[in-house]
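Each chain, letter by letter, is given below.
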Amino acid sequence: MEERLPAELLELVRKAGEVAASQGQRLYLVGGAVRDLLLGQPSLDLDLVVEGHAPELARHLARAWGGEVLAHPHFGTAKFRRGELSIDLVTARSETYSRPGALPNVKPGSIDDDLLRRDFTINAMAIHLDPASYGELVDPYHGRGDLDQRLIRILHPKSFVDDATRILRALRYEQRLDFQLEATTAELLRQDTPMLDSITGDRIRHELELILREAYPEKALVQAQELGVLARIHPSLRGDSWLAERFGEARELTPGTPPEPSLYLCLLIHRLSKEGNELLIRRLRMAKATARTMRDTLTLKSELPALAEPCLPPSSIYRLLERYSPAALLANALASDSPLVRQRLHLFLDELRYVKLSLNGEDLKRLGAPPGPRLGRMLQALHEAKLDGEAKTRQEEEELVGRWLRLVEDDS
Ligand code: CTP
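Each value, and the rule that gives it
Residues numbered from 1 in each chain as written. Predicted model: local features only at pLDDT ≥ 70, side-chain atom pairs only at ≥ 80, totals over all residues. Heavy atoms only, no water. Near = heavy atom within 4 Å. Polar contact = N/O pair within 3.5 Å; in protein donor to acceptor, adjacent residues only side chain to side chain. Areas by Shrake-Rupley, 256 points an atom, 1.4 Å probe, with all protein chains shown as cover. 1 Å grid on protein atoms, 1.4 Å probe; cavity = no way out; pocket = protein on both sides within 12 Å on 5 of 7 lines; lining within 4 Å. Sits in = over half its atoms within 2 Å of the grid points. Nonpolar A, V, L, I, M, F, W, Y, C, P; charged D, E, K, R; others polar. Domains from an automatic or database assignment. Axes fitted to C-alpha atoms, helices over the stretch in contact; angles between N-to-C directions. Helix = DSSP H or I, 4+ residues; strand = E, 2+ residues; numbered from the N terminus. Parallel < 35°, antiparallel > 145°, perpendicular 65-115°, else oblique. Contact = heavy atoms within 4.5 Å. Buried < 20%, exposed > 50% of the residue type's maximum accessible area, 1.4 Å probe, protein only. Pairing = 2+ DSSP bridges. Points joined across faces, edges and corners; volume = space filled by probe spheres on them. Core = buried A, V, L, I, M, F, W, Y, C linked by side-chain atoms within 4.5 Å. Left-handed = near helix turned anticlockwise from the far one by under 90°.

Enquirer: Would you mind showing me how to read the site of the ligand here?
Expert: Residues in contact with the ligand amount to 13 residues; listed here are only the nearest, Arg 35, Arg 118, Asp 119, Arg 172 and Arg 176. Between an oxygen atom of the ligand and a main-chain N or O atom of Asn 123, the distance comes to 3.1 Å. In the environment of the ligand, an oxygen atom lies 3.3 Å from a nitrogen or oxygen atom belonging to the side chain of Arg 169. Burial of the ligand by the protein chains amounts to 72% of its free accessible area of 560 Å². Judged by the fraction of its atoms near the pocket grid, the ligand is located in the largest pocket. Residue composition of the shell around the ligand, grouped by class: 1 nonpolar, 4 polar and 8 charged. Shared between two domains, the shell around the ligand holds at least three residues of each, these being domain 1 (1-149) and domain 2 (150-286).

Enquirer: Quick question: what am I supposed to make of the packing of helix α7 (residues 165-177) against helix α9 (residues 201-212) here?
Expert: The packing of two helices is summarised by the inter-axis angle and the distance between the axes. Their axes nearest at 9 Å, the elements α7 and α9 cross at an angle of 5°. Classified by the angle between their axes, α7 and α9 sit roughly parallel to one another. Contacts between α7 and α9 involve Thr 165, Leu 168, Arg 169 and Arg 172 on the former and, on the latter, Arg 203, Ile 204, Glu 207, Leu 210 and Ile 211. Residue composition of the contact of α7 with α9, grouped by class: 4 nonpolar, 1 polar and 4 charged.

Enquirer: Quick question: what am I supposed to make of the pairing of strand β1 (residues 26-30) here?
Expert: For a regular strand, side chains alternate in direction, first toward one face of the sheet and then toward the other. Counting buried residues in β1 gives 4 out of 5 residues, a clear majority hidden from the surface. One ladder, built from 5 bridges, connects β1 with strand β2 (residues 47-51); its direction is antiparallel. Paired with Arg 26 across the bridge in β2 is Glu 51. Of the strand pairs in this sheet, β1 and strand β8 (residues 126-128) are connected by 3 bridges, and their pairing is antiparallel. The residue bridging Val 30 from the neighbouring strand is Ala 126, located in β8.

Enquirer: Got a minute to help me understand the layout of surface pockets in this structure?
Expert: It is a probe the size of a water molecule, rolled over the atoms, that shows where empty space is left. A volume near 1400 Å³ is recorded for the largest pocket. Only α2 (32-38), β2, β5 (85-91), β6 (93-96), β7 (105-108), α7 and α9 provide two or more residues apiece to the lining of the largest pocket. Looking at the lining of the largest pocket residue by residue, the classes come out as 13 nonpolar, 10 polar and 16 charged. A domain-level breakdown of the lining of the largest pocket finds at least three residues from each of domain 1 (1-149) and domain 2 (150-286). Of the pockets and cavities examined, the second largest pocket occupies roughly 290 Å³. If you go around the second largest pocket, you meet 16 residues; those closest to its centre are Thr 254, Pro 259, Glu 260, Leu 263 and Leu 330. The residue inventory of the lining of the second largest pocket, partitioned by class, reads 9 nonpolar, 4 polar and 3 charged. Composition of the lining of the second largest pocket by domain shows at least three residues from each of domain 2 (150-286) and domain 3 (298-353).

Enquirer: What should I look at first to understand the nonpolar core in this one?
Expert: In globular proteins that are soluble, nonpolar side chains generally tend to be buried together. In terms of nonpolar packing, the biggest core is built from 85 residues, with Leu 27, Leu 29, Leu 189, Leu 221 and Val 229 touching the most fellow members. Contact partners of Leu 221, with chain neighbours within four places excluded, come to Leu 208, Ile 211, Leu 212, Leu 230, Gly 239, Leu 243, Phe 247 and Leu 268.

Enquirer: What am I meant to see in the packing of helix α13 (residues 261-269) against helix α15 (residues 288-307) here?
Expert: Between α13 and α15, the least distance of the axes is 9 Å, while the angle of their chain directions is 45°. Considering their axes alone, α13 and α15 lie oblique with respect to each other. Viewed along their axes, α13 and α15 form a crossing whose handedness is right-handed. Side by side, α13 and α15 meet where Leu 265, Cys 266 and Ile 269 of the first sit next to Thr 290, Thr 293, Met 294, Thr 297 and Leu 298 of the second.

Enquirer: Help me understand the domain arrangement of the chain, please; the structure alone is not making it clear to me.
Expert: How large an interface is tends to be reported as the accessible area lost when its parts come together. Domain boundaries assigned for the chain yield domain 1 (1-149), domain 2 (150-286), domain 3 (298-353) and domain 4 (361-411). Using C-alpha coordinates to define each centre, domain 1 is positioned 66 Å away from domain 4.

Enquirer: What am I meant to see in the pairing of strand β4 (residues 77-82) here?
Expert: The pairing of strand β3 (residues 68-72) with β4 spans 5 bridges and is classified as antiparallel. Bridging from a neighbouring strand, Val 69 pairs with Phe 80 of β4. In textbook terms, the turn of a hairpin is the stretch between consecutive antiparallel strands, and for β3 and β4 this stretch comprises 4 residues, one of which, Gly 76, has a positive phi near 65°. Direction of pairing for β4 relative to β5: antiparallel, over a ladder of 6 bridges. Residue pairing in the sheet places Thr 77 in a bridge with Val 90 of β5.

Below, the structure written as structure tokens:
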């Protein structure tokens, strides 16, 4: 902790341990932060568990040290914030499941109870923050040994049945850390994939989003296909070499900045039928905007032949593509086999969509255009002329409008 945590955060954590002890409560650092510290990776996202009452401890901490508290007494949780620093405090609890996939029944418990309810041994360790035992590791399930052996291991055989989100979490950690599923864990995971049907779409979606935020999401998706997990979420989803290559190309487009998860999602659903896509949208209860981007991806895919026509002027490319969301456009650019289609999608994304007129409706009226629907059409025609390179500057736009107005006058 001394080496890996920033000094200010370390001070806050130490202070929290002292305040807890003065209240007769015992405080621990738990979960992902302990795992990452033991792996030698920095961790700023600290979860603390208290044998006592988290909201009460947070308020004592604020009184002793200053800072803000956001408490959820009903859940026994609190967020403590002081300047830039923040920590999450949770009351130690035990959990039981009334039926597979249900949310757990929760009651206050000891640190051992709290660790027992967790997903994998490597996430089920704690570090004492109590001044008397500060820094000691609590490791009832031999998580440290599994870290050394690079294994993802569940704590008990009913783990995936209790909470099938762990199936997706196992794949995420396995790929992120470059670990392996321990043999029995792998066997139970395969056997329990049907339990994915027992959890809500919201929970599956959340885990899928977390996978898509990883540095190399395709690794978990390929493994999810191998183990039959992806097919359980949707029979036509595929995590294969095609997907892995497209994800890699997506990263190459913006070196140093990871692609938006929505782009990965559009690539993942690109080979679904429109009906299949609707099924997935419903099953995972996708947000409206996400559903729109997913639908856009497939509608655009079906309209790509029009974009492959020879001799399309930029204005026609613009008209074909203007209604689609950027992620859908980019996914289709990455997925298309046609160099011409790819090139036109990139032309739209990189240039055409930013082409704006210098003149507006007021300017056109000032130049003599009569108000009314014709003015709107003239603005649109001017925009198309600009896209096609016929009017580059404000002056050229004005000249073009002047010419059109003279033509109208001559006609009448
Ligand atoms: N946890 C769990 N089962 C879940 C979700 C969470 O046991 N279904 C536990 C794990 O001990 C985990 C901790 O809660 O370490 C915190 O959850 P989360 O923030 O999702 O995990 P982190 O380990 O912090 O993961 P990450 O590094 O991805 O943030």
